[in-house]
Every structure is written in C-alpha cells, then in structure tokens.
Amino acid sequence: MVFRGLPGAGSETRERVLRVADEIGYRPDNAARLLARGRSRTLGVMFIVHQTFHTDLIAGIYPEAERLGYDVLLSGTTLGRGEDKAIEALLSHRCEGLILLAPDAEPAYLDELGHRAATVSVARRAPGAHVDFVHSAEGKGVRQAMDHLVELGHRRIVHIDGGRGPGSAERRRAYRAAMRRHGLEAEQRVIPGTHTEESGIETGRMLLAERDRGLPLPTAVLAGNDRCAMGLLMSLTRSGVEVPRDMSVVGYDDSHLSHLMPIGLTTVRQDAVLLAEHAVRFAVERLEDPELKPREAVLDPKLVVRGTSGPAPRETAR
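Keep in mind that what you see is a predicted model, and the values were worked out from it rather than measured.

(A) Focus on the overall build of the protein chain. Along the protein chain, the regular secondary structure elements total ten helices and twelve strands. Within the protein chain, the fraction of its 318 residues that count as buried is 51%. Of all intrachain contacts in the protein chain linking residues separated by at least 6 positions in sequence, the fraction that spans at least 24 positions is 69%. Total accessible area on the protein chain stands at roughly 15,600 Å², and carbon and sulfur atoms take up 52% of it.

(B) Focus on the pairing of strand β10 (residues 266–269). Bridge count between strand β9 (residues 248–253) and β10: four bridges; the pairing is parallel. For Y252, the partnering residue across the bridge sits in β10 and is V268. In this structure, β10 lies alongside strand β12 (residues 302–304), joined through three bridges in antiparallel fashion. By the bridge assignment, T267 is partnered in β12 with V304.

(C) Representation of the nonpolar core within the structure. Membership of the largest hydrophobic core comes to 25 residues, with the highest contact counts inside it found for L43, I61, I99 and L101. Only β1 (42–48), α3 (52–67), β3 (97–101), β4 (118–122), α10 (272–288) and β11 (296–299) provide two or more residues apiece to this core. When residues of this core are assigned to their parent elements, the largest contribution, eight residues, is made by α10. In contact with I99, not counting residues within four places along its chain, are L43, G44, V45, M46, I61, V120, V122, A279 and V280. In terms of nonpolar packing, the next biggest core, distinct from the first, is built from 18 residues, I160, A223, V241 and V249 among them.

(D) Structural view of the pattern of salt bridges. Scanning all chains against the criterion turns up 26 salt bridges. Across the pair R269 and D271 runs a salt bridge, and its minimum N-O distance is 3.7 Å. Bridged by salt links that share partners, the residues E64, R67, E277 and R281 form one connected network.

(E) Summary view of the pairing of strand β5 (residues 132–136). Along β5, five of the five residues are buried, which leaves the element largely enclosed by surrounding structure. Taken together, the three bridges between β4 and β5 define a ladder with parallel strand orientation. Counted as the bridge partner of V122 is V134 from β5. Across four bridges, β5 lies against β11 in parallel orientation. Among the inter-strand pairings, F133 is bridged to a residue of β11, identified as E296.

(F) Focus on the packing of helix α4 (residues 83–92) against helix α5 (residues 107–116). Remark: α4 packs on α5, axes separated minimally by 12 Å, with the N-to-C direction vectors making an angle of 5°. In this view, α4 runs roughly parallel relative to α5, as classed from their interaxial angle. Judged by residue contacts, D84, I87, E88 and L91 of α4 engage Y109, L113 and R116 from α5. Grouping the constituent residues of the contact of α4 with α5 by class yields four nonpolar, no polar and three charged.

Parameters and conventions
- Residues numbered from 1 in each chain as written.
- Predicted model: local features only at pLDDT ≥ 70, side-chain atom pairs only at ≥ 80, totals over all residues.
- Heavy atoms only, no water.
- Helix = DSSP H or I, 4+ residues; strand = E, 2+ residues; numbered from the N terminus.
- Buried < 20%, exposed > 50% of the residue type's maximum accessible area, 1.4 Å probe, protein only.
- Contact = heavy atoms within 4.5 Å.
- Areas by Shrake-Rupley, 256 points an atom, 1.4 Å probe, with all protein chains shown as cover.
- Pairing = 2+ DSSP bridges.
- Core = buried A, V, L, I, M, F, W, Y, C linked by side-chain atoms within 4.5 Å.
- Salt bridge = Lys/Arg side-chain N within 4 Å of Asp/Glu carboxyl O.
- Axes fitted to C-alpha atoms, helices over the stretch in contact; angles between N-to-C directions.
- Parallel < 35°, antiparallel > 145°, perpendicular 65-115°, else oblique.
- Nonpolar A, V, L, I, M, F, W, Y, C, P; charged D, E, K, R; others polar.

Structure, rendered in structure tokens:
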C-alpha cells in the first residue's frame, strides 16, 4: 500500500487508510508484488499422489523452501493426469523452479524443462539433461539389507522388482551382486513387480500357490519398496504364514507407514528430509546462478531393523 503522491497524505491520512484496510481485512498481495519485479519466488513440486514416500519428501520441502524465502506449489500425477499436465500447470503458475519427484519423463524432455526453469530430479537420473539430481545410494541400501538377511541364515532370498519405479534398476543390480558375493547365485530370483501394494499382494498369492504345489517358500523377501512389502505382508498373514518366523520381509524407503503397522517393517531408510533439503537448495542455487553445471547429491541410506526380519527357519538355516 503506497501513500507517496497522495495529496495531503500525512500521518493522519495514513493512519485512517491503515485502519480501514484492517477493518476490511486487506492484506498486501506479495505474489503480485514479486511478479511485478519479474520474480515469483515459487518452487513447483510434481509428485505422485499415491506414493506415500512422496508425502514425506513434501513435508521436508516446505520448511526448507520457507527458510530460503520461497513458496511451494504442488501438482500431482494420477492415473488420469500425466506428468506433462502436472508440470505445465506449475509453469503456468509462474513457478521459477521445479522439483520433480521420481519423474518418468525422457531425458530430452527433462533437458528442455531444465532450460525453462531451474529443475531438480529426485530419485530418477536424467543422463545428459540440464537438471540437478538428488538420490540415495541404492546399492548401499540393498547391500545392507542383504547382509542382514544372510547373517540371519537366509539363503532363499527373493527380490520383488519395482519395474520402472525410481531406483528399481539399481536395486535389482545390487540384489544380484549381493547374491553372487554371498555364494547364493543359484538361489537368486527376481519377481517382476511395481512399487504398489497390489504388486506385493499378487506376489504373495503366487508364492503361496507355489507352496501348495510342493515348492518351498523363500525364507526372505526383499521388496522393491515399503508399499510392496506391506502388500506382501497382507497376503502372508491372511494365509497363516507367520512373519518373521516363517518368512522375513524387508522393504525400502522407511516411509511413515512402515512403523504404523502391528509389526514394524524392517526397511532401508532413505532420509526424506535431507533429500528434500538438497533438492530445494539445488533449485534455489540454480536460480541464483543459472550457469551452474548439473550437479548430483548422493545420500547414504541406512537399514532400520524392526519386527519383520528374523532368523531363517531352522531347517533351512546354515
């Protein structure tokens, strides 16, 4: 609210105007003021609506953005709303920076985005694109989980693959490498799946059907993520398979749902807060210096042992 140039706009006039503004609930439009200066100071976040770990990331993005003086605008993807629509909605609202949570877009499209706005990809590589990249060291996380299971005596360890989900290829490679390293190459088995509860449920049904045909159950399963692990647990418990007595289950992410279950889920923890903070800082730093070369932040995951992992059944332990 500006008084400069108003005839007789002295202290009494200003006080009256401010009093009236307070009575009618007037608030300065900071967004309009920033746009008039050519800045929105808004970061747009694209996320997958049904991914619980994305909720944890968003919870970390808000405080860091606010600390650096930026607002946050969210745009979600669903089965009926693709990434292109979600991203274009953010750009149409004048977002200066984009933080994309596990984007599935081709590197060429991400490169184009990187030249339209300061863009950060979280958990998904974009080789050759002009974007920054923040992720966990997937291989380290899987190695920790596999070492834990092998130390408990497990040999028949199955991995439910995450399909095209973020980090899936790295986790799959790390699983196979760990089985080779422990001399269990003949036992390795990767079951195609996705990062959903439905994938875990279907895998559980398949394994139980194999058991009914006389094949042994695996003694442990490394799921592609926590949601998949939870679906598997649902299938197993409904069929009387006791976890971890009969089978151990390990997830990946340590999303907030993983410790709300009756039996806490053993899982590989990705630090959502640190991932979020790095993503926000990368976006803001690129806004301040657009000439920065693409950067990468790799954070160490940590195995969190809870109630779904235990010693292998006696008859199969070493």
